[in-house]
Amino acid sequence: MESYLEERFGGVQAKNSSEEALRRWRRLCSVVKNPKRRFRFTANLEKRGEAEAIKHANHEKLCVAVLVSKAALQFIQGLSLRSEYVVPEEVKAAGFQICADELGSIVEGHDSKKLIIHGGVDGIAEKLAISKTDGLSTDEDSIKRRQDIYGINKFTESEICSFWVFVWEALQDTTLIILAVCAFVSLVVGIAMEGWPKGAHDGLGIVASIMLVVFVTATSDYRQSLQFKDLDKEKKKIQVHVTRNGFRQRLSIYDLLPGDVVHLAIGDQVPADGLFISGFSLLINESSLTGESEPVAVNEDNPFLLSGTKVQDGSCKMLVTTVGMRTQWGKLMATLSEGGDDETPLQVKLNGVATIIGQIGLFFAVITFIVLSQGLFSKKYHEGLLFSWSGDEALELLEHFAIAVTIVVVAVPEGLPLAVTLSLAFAMKKMMNDKALVRNLAACETMGSATTICSDKTGTLTTNHMTVVKACICGNIKEVNGPQNSSKLCSELPEIVVKTLLESIFNNTGGEVVFNQDGKYQILGTPTEAALLEFALALGGDFKAKRDETKIVKVEPFNSTKKRMSVILELPGGGHRAHCKGASEIVLAACDKFLDETGSVHPLDQTTADKLNGIIDSFAGEALRTLCLAYREMEEGFSIMEHTPLQGYTCIGIVGIKDPVRPGVKESVATCRAAGIMVRMVTGDNINTAKAIARECGILTEDGIAIEGPEFREKSLEELLKLVPKIQVMARSSPLDKHTLVKHLRTTFNDVVAGTGDGTNDAPALHEADIGLAMGIAGTEVAKESADVIILDDNFSTIVTVAKWGRSVYINIQKFVQFQLTVNVVALLVNFSSACFTGMHH
């Protein structure tokens with residue numbers, strides 16, 4: 001049976017199935033009792049086709065808009081432009097100078113001419129009555145007026161169907177319709193022959209049975225639809241950083257309004273249509289909207305940002321202009337929301353089982369009807385009364401037909417595929433309570449058969465609460481875990497070194513120190529950035545004052561391939577200085593000078609380099625994440641259009657950041673081993689740090705291998721076949737290394753792989769893995785979009801809980817299917833035997 005089902009209904013994968021495979025199995029199941037009910041929660045392939053058509057149209061429209069804008073700009077530069085736009089009275093009355101439709105046409109159409117006419121980004125901000133630095137006012141009256149004029153950032157969703165819709169769908173079961181006809185005929189003939197109420201007993205009995213089946217089915221389906229709706233709302237919860245009333249804060253994307261100033265970084269989703277205010281090296285991936293995978297550079301010359309796209313690189317401040325259904329993303333989401341989820345492989349196979357048993361049941365039903373009726377037809381034929389029927393004879397024939405239909409009802413496990421969906425939905429609800437949000441229904445099923453977990457380190461195995469505990473500055477190692485130690489270190493260092501160190505930390509960062517309404521400072525950014533900023537503040541630094549001393553002219557954000565971040569500053573007295581920070585071995589290799597105890601710059605000889613590398617190893621051996629900070633004075637005549645230099649830096653110091661292992665991780669890893677699941681750590685950290693953490697967690701064993709990404713990349717296919725099964729730790733890995741490891745485990749070794757991650761760089765591996773698990777707290781929107789399950793508390797123990805639920809679901813479904821099929825087969829045989837015995841007796 002298994003091989004037969006695989007041959008006919010196979011080809012549908014747990015994720016990323018081809019449209020052809022999905023259509024093929026549905027054609028095999030085309031004749032079913034109630035198609036609406038059986039295929040209710042499967043993907044609507046026609047709607048998906050519509051969504052692809054919208055993407056294609058968007059791509060063409062944007063290409064045309066860009067060409068038109070370029071051509072228009074050539075003519076309008078230097079000309080005096082006049083605006084023919086007339087502000088609607090209701091917009092003026094609300095205190096604004098531009099309407100929603102005009103804003104939408106500027107951004108969606110990439111209309112540079114209109115933007116210039118309205119005074120550029122500054123003019124749009126003025127017409128929206130906001131400050132680009134302080135954002136919009138949170139005064140309730142102002143917010144209400146803004147909502148009335150421009151709308152809210154919510155998309156039109158399909159309404160929850162009422163209970164009676166499900167009753168109507170349940171009534172459309174073919175066999176129930178046939179039984180209803182039988183009941184009607186039975187009532188008419190019975191009452192005519194025997195009168196009321198005696199003649200109505202059989203007919204009313206059938207009606208009561210039909211109503212019972214319909215209401216039980218409808219109740220079950222209605223409750224399930226509510227469950228899916230709740231889970232769908234959870235999937236769409238996205239928070240963004242905005243500036244309002246001069247204070248930076250986190251806000252739900254649904255609360256955004258035109259005029260909001262939003263801060264975007266790598267991995268974020270653009271939450272609404274808007275305009276670029278300021279930023280560095282911003283690359284936007286518009287594939288979700290246009291299908292075009294090539295990233296688009298967004299800057300002052302091309303300031304248009306579209307809702308639903310993703311930040312692939314860089315960072316920026318954005319002015320929101322259009323929200324909700326007025327955006328192109330809103331229209332696309334309205335179509336995609338009806339696209340549905342792909343079927344799981346188990347659902348497909350059980351649909352196949354239901355179809356095959358349905359065909360067998362139909363065959364037996366026909367045989368039963370023939371056996372039961374042949375005596376009656378034979379008798380009528382011999383008497384020559386074949387075309388003359390009495391009421392009793394018609395009722396007898398109707399009874400035989402009802403028995404045959406009942407065999408089909410009993411034999412066909414029509415609710416079997418739906419029962420699997422119910423079981424998976426129940427597991428999804430329970431996983432939600434256990435801090436795991438399932439985005440893809442098939443993940444519940446697939447997780448039960450996982451054999452390997454490729455886990456990230458930071459934030460999954462560790463707490464992701466980082467603090468600088470050791471620092472080597474000017475060649476001296478100091479403990480700095482605490483304000484007193486930091487103050488002592490500051491007093492011991494030369495003033496020029498402290499100044500350079502603070503300049504490096506406060507400028508070369510993706511984080512920020514802001515003040516809230518209470519006047520207390522708050523550190524925003526990744527845990528690593530926050531740890532460095534906290535260290536700099538403990539040294540007595542002033543973030544705003546230090547940032548105001550110089551001007552940042554170029555930023556190269558942290559990149560998982562380069563493993564470093566760089567900025568170039570314009571100094572007050574003229575000239576430029578580059579600051580670099582990142583993986584210690586990589587940044588130190590880029591240095592040819594260092595600062596000594598007096599703050600003087602000296603050439604970095606081999607002895608000093610070996611000493612610093614030894615310090616890096618000693619920090620890593622204590623399970624500390626290490627970062628090296630360096631700077632370089634730029635030559636006269638340097639242009640910011642040039643690439644940031646990769647060599648010639650002066651080493652300022654090395655810091656060791658502690659990120660403790662989460663409680664319960666060691667026990668969870670041991671549980672996985674006992675269950676036959678191999679846990680592997682894949683991290684971008686130093687190999688010694690990775691080994692220390694892996695041993696503490698119980699991941700690295702004596703027979704296991706720890707390898708670095710660059711070494712892994714150089715291995716031949718033959719070497720990888722021997723190496724991959726033994727790899728337990730991969731350090732200094734690139735996104736491609738993680739993707740390659742997952743792919744080999746899945747395809748070459750037939751492992752069912754669960755992959756975890758939180759960054760944009762983890763998206764390819766999450767997409768490739770059988771089950772992608774993204775972190776809900778530290779995870780970027782790009783990572784979450786590629787994942788099947790979102791771990792809401794970023795805890796490895798939760799991943800183990802997901803695996804337990806997966807196995808539980810699989811075992812329960814297996815037992816239920818066996819029980820259901822046994823019941824159906826026994827019922828079929830009993831009914832058929834009884835019918836045949838009755839027919840022979842007659």
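Cut-offs applied
- Residues numbered from 1 in each chain as written.
- Predicted model: local features only at pLDDT ≥ 70, side-chain atom pairs only at ≥ 80, totals over all residues.
- Heavy atoms only, no water.
- Helix = DSSP H or I, 4+ residues; strand = E, 2+ residues; numbered from the N terminus.
- Buried < 20%, exposed > 50% of the residue type's maximum accessible area, 1.4 Å probe, protein only.
- Contact = heavy atoms within 4.5 Å.
- Areas by Shrake-Rupley, 256 points an atom, 1.4 Å probe, with all protein chains shown as cover.
- Patch = residues over 30% accessible without salt bridge, like charges linked within 9 Å, V, L, I, M, F, W, Y side chains within 5 Å.
- Salt bridge = Lys/Arg side-chain N within 4 Å of Asp/Glu carboxyl O.
- Polar contact = N/O pair within 3.5 Å; in protein donor to acceptor, adjacent residues only side chain to side chain.
- Phe/Tyr/Trp six-rings, centres within 6.5 Å; stacked < 30°, edge-to-face > 60°.
- Pairing = 2+ DSSP bridges.
- Core = buried A, V, L, I, M, F, W, Y, C linked by side-chain atoms within 4.5 Å.
- Axes fitted to C-alpha atoms, helices over the stretch in contact; angles between N-to-C directions.
- Right-handed = clockwise from strand over helix to strand, strands pointing away.
- UniProt positions renumbered as here; feature names shortened; annotations may be inferred.
- Lys, Arg positive; Asp, Glu negative; His and termini not counted.
- Charge placed at Lys NZ, Arg CZ, Asp CG, Glu CD.
- Parallel < 35°, antiparallel > 145°, perpendicular 65-115°, else oblique.
- Left-handed = near helix turned anticlockwise from the far one by under 90°.
- Nonpolar A, V, L, I, M, F, W, Y, C, P; charged D, E, K, R; others polar.

1. Observations concerning the overall build of the protein chain
When helices and strands are tallied, the protein chain shows 32 helices and 26 strands. Counting every position in the protein chain, which comprises 842 residues, the buried fraction comes to 52%. Restricting to contacts in the protein chain with at least 6 residues of sequence separation, those with at least 24 account for 70%. Surface accessibility of the protein chain: about 38300 Å² in total, with carbon and sulfur atoms responsible for 56%.

2. Here's the deal with a nonpolar patch on the surface
Nonpolar side chains collect at one region of the surface, where W164, V207, M211 and F215 lie side by side and expose about 370 Å² of accessible area between them. Take the nonpolar patch: its biggest share by element is three residues, from helix α12 (residues 201-235). With respect to the element layout, M211 can be found in helix α12.

3. Focus: the side chain of H110
With respect to the helices, strands and loops of the structure, H110 is situated in the loop between α6 (100-108) and α7 (112-117). Relative accessible area serves as the criterion here: at 5%, H110 is assigned to the buried category. A polar contact is formed between the side chain of H110 and the backbone oxygen of V107, at a distance of 3.1 Å.

4. Describing the environment of G104
Examined against the element boundaries, G104 turns out to sit in helix α6. Look at G104 and you get buried, because its relative accessible area is 12%. With 222 residues separating them in the primary sequence, G104 and R326 have C-alpha atoms 6.9 Å apart. Beyond its immediate stretch of four places on either side in the chain, G104 contacts G109 and T322.

5. Describing the packing of aromatic side chains
Describing an aromatic ring pair means giving the distance of the ring centres and the angle of the ring planes. Following the criterion strictly, the structure yields five aromatic pairs and no others. Seen in terms of ring centroids, W164 and F215 are 6.2 Å apart; in terms of plane orientation they differ by 90 degrees. Their pairing is edge-to-face. With W164 in helix α10 (residues 163-170) and F215 in helix α12, this pair connects stretches of sequence that are 51 residues apart. The exposure class assigned to F215 is partly exposed, which follows from its relative accessible area of 30%.

6. Topic: the pairing of strand β14 (residues 551-559)
Of the pairings in the sheet, the one linking β14 to strand β15 (residues 564-570) comprises six bridges and is antiparallel in character. Residue pairing across strands places V555 opposite V567, the latter belonging to β15. Once β14 ends, the chain turns through four residues before running back antiparallel as β15, passing K563 with a positive phi of about 55 degrees.

7. Details of the nonpolar core
M447, I771, V789 and F796 are the most contacted members of the largest nonpolar core, which totals 45 residues. With seven residues, the top contributor of residues to this core is helix α32 (residues 796-841). Among all residues touching I771, those that are not within four sequence positions of it are A443, T446, M447, A450, V752, V753, A754, G755, D788 and V789. Membership of the second largest hydrophobic core comes to 30 residues, among which are A471, V480, V497 and Y631.

8. Here's the deal with the pattern of salt bridges
Scanning all chains against the criterion turns up 26 salt bridges. Here K478 ties to E492 by a salt bridge, and the two come within 3.0 Å at their closest N and O atoms. Highlighted residues: K478 in strand β11 (residues 476-479) and E492 in helix α19 (residues 483-492), separated in sequence by 14 residues. K478 gets classed as partly exposed once you look at its relative accessible area, which sits at 30%. For the salt bridge of K546 with E549, the shortest nitrogen-to-oxygen distance reads 3.5 Å. One end of the pair, K546, and the other, E549, are both in helix α22 (residues 543-549), three residues apart, so they sit about a helical turn from each other. A residue is classified by how much of its surface remains accessible, and E549, at 38% relative accessible area, is partly exposed.

9. Remarks on the sheet that holds strand β24 (residues 753-757)
The strand order across the open sheet formed by eight strands is β8-β26-β25-β24-β9-β21-β23-β22, and the pairing between neighbours is mixed. With partners counted over all chains shown, the strands left at the sheet margins are β8 (436-438) and β22 (705-708), one partner each. Averaged over all pairs of adjacent strands, the angle between their axes in this sheet comes to 20 degrees, without regard to strand direction. Direction of pairing for strand β25 (residues 771-775) relative to strand β26 (residues 789-791): parallel, over a ladder of three bridges. Following the sheet pairing, L773 is matched in β26 by V789. Running at roughly 165 degrees to β24, helix α29 (residues 735-747) makes contact with β9 (452-455), β21 (678-682), β23 (727-731) and β24 of the sheet.

10. Considerations on the pairing of β25
For β25, the tally of buried residues reaches five of five residues, placing the bulk of the element in the interior. The side-chain alternation of β25 yields two buried faces, one formed by I771, L773 and M775 and the other by G772 and A774. Where β24 meets β25, four bridges bridge the pair, whose relative direction is parallel. Looking across to β25, one finds that T756 is bridged to L773. In terms of handedness, the path from β25 via helix α31 (residues 781-786) over to β26 forms a crossover that is right-handed.

11. Quick notes on the UniProt feature "transmembrane region" (unreviewed entry) in the protein chain
UniProt's feature table lists "transmembrane region" (unreviewed entry) at residues 176-193, 199-219, 356-377 and 397-427, given in the numbering used throughout. Here residues 199-219 runs as 90% helix and 0% strand, with 32 Å between its end C-alpha atoms. Helix makes up 100% of residues 356-377 and strand 0%, whereas the separation of the span's terminal C-alpha atoms amounts to 31 Å.

12. Thoughts on the environment of F816
By secondary structure assignment, the location of F816 is in helix α32. Judged by its relative accessible area of 33%, F816 is partly exposed.

13. Considering helix α26 (residues 687-697)
All of the buried residues in α26 are I687, T689, A690, A692, I693, A694 and C697. Elements in contact with the buried residues of α26: α24 (606-621), β19 (624-633), α25 (665-674), β21, β22 and β23. One side-chain oxygen of the residue at the start of α26 lies 2.6 Å from the amide nitrogen of N688, identifying that residue as N686. At the C-terminal side of α26, G698 shows a positive phi close to 85 degrees.

14. Considerations on a negative patch on the surface
Taken together, the side chains of E194, D202, D392 and E399 define an acidic patch exposed on the protein surface. Structurally, D392 is set in helix α16 (residues 391-411).

15. As for the packing of α24 against α26
As a packed pair, α24 and α26 sit with axes 7 Å apart at the nearest point and diverge in direction by 15 degrees. The pairing of α24 with α26 is recorded here as roughly parallel in orientation. Viewed along their axes, α24 and α26 form a crossing whose handedness is right-handed. Of the residues in α26, those touching α24 at D617, A620 and G621 are N688, T689 and A692.

16. A look at unusual backbone geometry
In the Ramachandran plot, S281 falls in the positive-phi region, its phi being about 50 degrees despite a non-glycine side chain. Relative to the helices and strands, S281 is located in strand β4 (residues 273-285). Judged by its relative accessible area of 37%, S281 falls in the partly exposed class. For K435, which is not glycine, the phi torsion reads 70 degrees and is therefore positive. You can see K435 is positioned in the loop between α17 (416-433) and β8. Take K435: its relative accessible area is 44%, and that puts it in the partly exposed class.

17. What about the packing of helix α20 (residues 495-507) against helix α21 (residues 527-538)?
Each pair of packed helices gets described by two things: the angle between the helix axes and the distance between those axes. Contact geometry for α20 and α21: axes closest at 9 Å, N-to-C directions at 145 degrees. As for how α20 packs across α21, the hand of that crossing is left-handed. Side by side, α20 and α21 meet where L501, L502, I505 and F506 of the first sit next to L532, L533, F535, A536 and L537 of the second. The class makeup of the residues in the contact of α20 with α21 is nine nonpolar, no polar and no charged.

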